[in-house]
Amino acid sequence: MELGSRREREQRQQLRHRRQKRVTAISPLVKYSLFVFTFFFWLIAGALLGIGIYARVEKGQVNAVVDLLADPAIVLIIVGSLAWILGFFGCVGALRENICLLKTYCYVLLILFVLQLVGAILGFIFSDKVEEQIGTLVETAIEKYRDDIDLQNLIDWTQKEFQCCGGKDGFKDWHQHNRYFNCSEENLSRERCGVPYSCCRPEGEEAVINTMCGYDFAPDVTPTEAVDRIYIRSCIFAVADWARENLFLLGGIAMGLAIPQLLGIVLSRLLVNQIMLEQGFSTGF
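Because the structure is a prediction, the values reported are computed rather than measured.

How would you explain the side chain of Ser268 if you had to name every residue and give the values?
Of note, Ser268 is situated in helix H10 (residues 247-278). Among the residues examined, Ser268 registers a relative accessible area of 0% and is labelled buried.

Help me get a handle on unusual backbone geometry, residues and values and all.
For Cys193, which is not a glycine, the phi torsion comes out positive at approximately 65 degrees. With respect to the secondary-structure elements, Cys193 resides in the loop between helix H7 (172-177) and helix H8 (223-226). Exposure remark for Cys193: the relative accessible area of 1% places this residue in the buried category. A positive phi angle, near 65 degrees, is found at Asp216, a position not held by glycine. As for its position among the elements, Asp216 is in the loop between H7 and H8. Taking relative accessible area as the criterion, Asp216 reaches 52% and is therefore assigned exposed.

I'd like to hear about the state of the cysteines, residue by residue, with values.
In this structure the tally under the stated criterion is four disulfides. There is a disulfide in this structure between Cys183 and Cys193, and the S-S distance comes to 2.1 Å. Of this pair, Cys183 sits in the loop between H7 and H8 while Cys193 is found in the loop between H7 and H8, placing the two residues ten residues apart along the sequence. Bridging Cys200 to Cys213, the disulfide has an S-S length of 2.1 Å. Since a negative S-S torsion denotes a left-handed disulfide, the Cys200-Cys213 link at about 105 degrees is right-handed. Taken as a pair, Cys200 in the loop between H7 and H8 and Cys213 in the loop between H7 and H8 lie far apart in primary sequence, 13 residues in all. For the protein, the bonded cysteines pair up as 1-8, 2-5, 3-4, 6-7 when numbered in the order they occur along the sequence.

Mind laying out helix H3 (residues 72-96), listing which residues take part and the relevant values?
With 25 residues, H3 extends 35 Å between its outermost C-alpha atoms, agreeing within 8% with the 36 Å of an ideal straight helix rising 1.5 Å per residue. Trailing H3 by a residue or two, Glu97 shows a phi angle of about 55 degrees, which is positive.

Break down the packing of helix H4 (residues 99-125) against H10 for me, citing the residues and quoting the values.
The contact between H4 and H10 brings their axes to 9 Å, and the two run at 150 degrees. Relative to H10, the element H4 is oriented roughly antiparallel. In the packing of H4 onto H10, the handedness of the crossing is left-handed. In contact with Ile99, Leu102, Lys103, Tyr105, Cys106, Tyr107, Leu109, Leu110, Leu112, Phe113 and Gln116 of H4, H10 contributes Ala258, Gln261, Leu262, Gly264, Ile265, Ser268, Arg269, Leu271, Val272, Ile275 and Met276. Each residue belonging to the contact of H4 with H10 can be placed in one class, and the counts come to 16 nonpolar, four polar and two charged.

So, the environment of Asp220: which residues are in play, and what are the values?
Looking at the element boundaries, Asp220 is found in the loop between H7 and H8. Filtering out sequence-adjacent residues up to four positions away, Asp220 remains in contact with Lys172 and Glu225.

Criteria and thresholds
Residues numbered from 1 in each chain as written. Predicted model: local features only at pLDDT ≥ 70, side-chain atom pairs only at ≥ 80, totals over all residues. Heavy atoms only, no water. Helix = DSSP H or I, 4+ residues; strand = E, 2+ residues; numbered from the N terminus. Buried < 20%, exposed > 50% of the residue type's maximum accessible area, 1.4 Å probe, protein only. Disulfide = S-S within 2.5 Å. Expected span 1.5 Å × (residues − 1). Axes fitted to C-alpha atoms, helices over the stretch in contact; angles between N-to-C directions. Parallel < 35°, antiparallel > 145°, perpendicular 65-115°, else oblique. Left-handed = near helix turned anticlockwise from the far one by under 90°. Contact = heavy atoms within 4.5 Å. Nonpolar A, V, L, I, M, F, W, Y, C, P; charged D, E, K, R; others polar.

And the structure:
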């Protein structure tokens, strides 16, 4: 009897020791801070995914755009899906104290952070190449202008907001890269040799938007002749100038994106180390 009671006491002591070890090894603050942080990240990703799917379904197959980067809905779906899966790993990993999920979440965040940092550095060093690629992307967007309503709204907003028109060659890009606005004799469109209404300079306070204000340009019209009716500044140069004038704002946005990523990396790494310590494994990255 005495031997049995001694074993029971030893088992109870071991059980208390394991409970105490569990309490001291895994910090509830770290665990639930990571969960709350990742949960909000997961919700935002779900919202992006939902908006992308809704926009894509509403457009249907008739207006499908072949170029991936020229369809904002597809971009939202891809980004939202990847972020939703990553957020799911973080949430479940934090709640279930799953080392595999937490490490996946941590490493993916770290890789994304490094890629963003390298991309920013390379973009600064090879700014000419970046400008060339952006010019090609803008030309593709102009070509697909009438094929996708989301892309059309994005281009119109950009041209009105930055008071610009077209890409590298200004308003001439619409004549060169869009089949509805080009000046070829085969083009029977009413928009021939024209530009979208978002290129037009506003005439006072218009109660009704004149969507035909950019029509009826001569094929050989010069920027000097067109400046009274439309914006002649390239949107690439306009956005670049705006970026140079708002470096502090862009820096703040970059920090706002980087800090949550670093916070997720640190919290997930701390929690992994605490779980490994509790399970008797050596900690390490």
